[in-house]
Amino acid sequence: LLSSTHIPLSGRNPMLQEALGIRPHILVLNKMDLADPRRQPVSTGAGLAGWLGAHGLLQASASNASACPFQTIVPLVAKLVGKSPRYHKAESTEYSILVIGVPNVGKSSLINALRRLHLKKGKATAVGGEPGVTKAVLTRIQVCEKPLMYLVDTPGVLPPKLGDVETGMKLALCGAIRDHLVGEDIMADYLLYTLNKQQQFGRYVQRYKLAKACDDIGPMLRSVALAQGRTQKVKLLTGTGNVNVRMLNYPAAAYEFLRDFRAGRLGRVTLD
């Protein structure tokens, strides 16, 4: 079970808890390099401990597969399955593991990272920054030789109904919901509110050349457009004919603001 450390609580589909039941499973918190290290103990401690019980919890980043948490995934899976009498199968010693989670949380990246780490082979499944790259349950992908282990990539699954609007905004900011379904300007406004609430305005003030922190998304997007050169050519009708002028592109500026957040250029942020 994969989740993002941006949203360690909001990024988990509560329906998966019932679906997993007593099956052995590990919760991997991905993208550790983008999360606020000061907020992780609060976010992952009490909220996840009761849900996981005796199961495994790992915090990792698919961009750094050589890190210790990634090296412990395969042994931990083998240990959990081996301790479960229900899954003792003398006729077969191979492991088939399903990788599940909400969209765009890094499931395909995790499989490719484990494959590089244990088999020294290239990527076997497509990845992307938008939700919906994986559209169907794929065939088994070998990620380890000893023990023989296969992972199965799956499409991201969101619950049919989100608990509240704020949970939906957090999921959208992390790319689990397509931007146009929520609106880039609305998401940018919520992101600015969140950064200011957590007093993480130093990075965006510096990056967009602001005099001070801003709590109005309009002037903020204007500064983003100016700093990043987001303009568009507009044709104006005048009494002497058509005139082409360049104007600030606010939708492009909002998208740029979201991209900077997702890439970690605005600092390490945990939304939960």
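Keep in mind it's a predicted model, so treat the numbers as computed, not measured.

Undergrad: Kindly report on the nonpolar core, identifying the contributing residues and their values.
TA: Ranked by size, the top nonpolar core spans 53 residues in total, and within it Leu173, Leu191, Tyr204, Tyr208, Met220, Phe257 and Leu266 carry the most contacts. Shared between two domains, this core holds at least three residues of each, these being domain 1 (2–153) and domain 2 (183–263). Discounting chain neighbours no more than four positions away, the residues touching Phe257 are Ala188, Leu191, Leu192, Leu195, Tyr208, Met220, Val224 and Leu266.

Undergrad: Report on the pairing of strand S5 (residues 140–144), specifying residues and quantitative values.
TA: Where S5 meets strand S6 (residues 149–152), four bridges bridge the pair, whose relative direction is antiparallel. Directly across from Gln142, in S6, lies its bridge partner Tyr150. Remark: four residues form the turn of the hairpin made by S5 and S6, two consecutive strands paired antiparallel.

Undergrad: Before we move on, could you go through the environment of Leu258 and cite the residues and values that matter?
TA: Tracing the chain through its elements places Leu258 in helix H11 (residues 250–262). C-alpha of Leu258 to C-alpha of Cys174: the two residues are 84 residues apart in sequence and 9.0 Å apart in space. Leaving out residues up to four positions away in the same chain, Leu258 has contacts with Leu173, Asp179, Glu184, Met187, Ala188 and Leu191.

Undergrad: Residues and numbers for the pattern of salt bridges, please.
TA: Enumeration according to the criterion identifies five salt bridges in this entry. For Asp260, the salt bridge is made with Arg207, and the minimal N-O distance between the two is 2.9 Å. With Asp260 in helix H11 and Arg207 in helix H9 (residues 202–207), this residue pair connects regions lying 53 residues apart in the sequence. A single network of salt bridges, built from pairs that share partners, joins Arg207, Asp260 and Arg265.

Undergrad: Give a detailed account of H11, specifying residues and quantitative values.
TA: Between its first and last C-alpha, H11 extends 19 Å over 13 residues, near the 18 Å set by a 1.5 Å rise per residue. Residues of H11 that are buried include every one of Ala253, Ala254, Glu256, Phe257, Leu258, Asp260 and Phe261, and no others. Contacts from the buried residues of H11 go to helix H6 (165–173), helix H7 (179–182), helix H8 (184–197), H9 and helix H10 (217–228). Its side-chain oxygen at 3.1 Å from the backbone nitrogen of Ala252, Asn249 defines the N-terminal cap of H11.

Undergrad: How would you explain the confidence of the model for the protein chain if you had to name every residue and give the values?
TA: Of all residues in the protein chain, 79% attain a pLDDT of 70 or more, and the chain-wide mean is 77. The secondary-structure element of the protein chain with the lowest mean pLDDT is helix H2 (residues 40–52), recorded at 43, while H8 shows the highest, at 93. In the model, residues 41–55 has pLDDT below 50 throughout and makes 28 contacts with residues more than four positions away in sequence or in other chains.

Undergrad: Describe in detail the sheet that holds S6, supporting the description with residues and values.
TA: Strand order in this open sheet of three strands is S4-S6-S5, and the pairing throughout is mixed. With partners counted over all chains shown, the strands left at the sheet margins are strand S4 (95–98) and S5, one partner each. Shown here is a sheet whose adjacent strand axes are inclined to one another by a mean of 35 degrees, direction ignored. Sheet contacts for helix H5 (residues 107–119): S5 and S6; angle to S5, the most-contacted strand, approximately 45 degrees.

Criteria and cut-off values
Note on numbering: residues in each chain are counted from 1, in written sequence order. Only residues with pLDDT of at least 70 are given local features in this predicted model, and only at 80 or more are side-chain atom pairs given and counted; all residues enter the totals for whole chains, interfaces and linings. Just so you know, side-chain values use all the structure's heavy atoms and leave hydrogens and water out. Joining through side-chain atoms within 4.5 Å is the link that ties buried Ala, Val, Leu, Ile, Met, Phe, Trp, Tyr and Cys residues into a set, and such a set is a nonpolar core. The classification of residues rests on relative accessible area computed with a 1.4 Å probe and restricted to protein chains. Under 20% of the type maximum is buried, over 50% is exposed, and intermediate values are partly exposed. Where each domain begins and ends follows an automated or database-derived domain assignment. Only heavy atoms enter the contact rule, under which two residues are in contact if any of them lie within 4.5 Å. The criterion for strand pairing is that DSSP finds at least two bridges linking the strands in question. Here a strand is any run of E in DSSP of at least two residues, a helix any run of H or I of at least four, and the numbering for each starts at the N terminus. One speaks of a salt bridge when a side-chain nitrogen belonging to Lys or Arg is within 4 Å of a carboxyl oxygen belonging to Asp or Glu. Expected helix span is computed as 1.5 Å times (number of residues minus one). Polar contact criterion, stated in full: a pair of N or O atoms within 3.5 Å, where within protein one must be able to donate a hydrogen and the other to accept it, and residues adjacent in sequence count only if both atoms are side-chain atoms. Every residue is assigned a pLDDT by the predictor, reflecting its confidence on a scale from 0 to 100. Throughout, an axis means a line fitted to C-alpha atoms (over the contacting stretch in the case of helices), and angles, computed between N-to-C directions, take values from 0 to 180 degrees.

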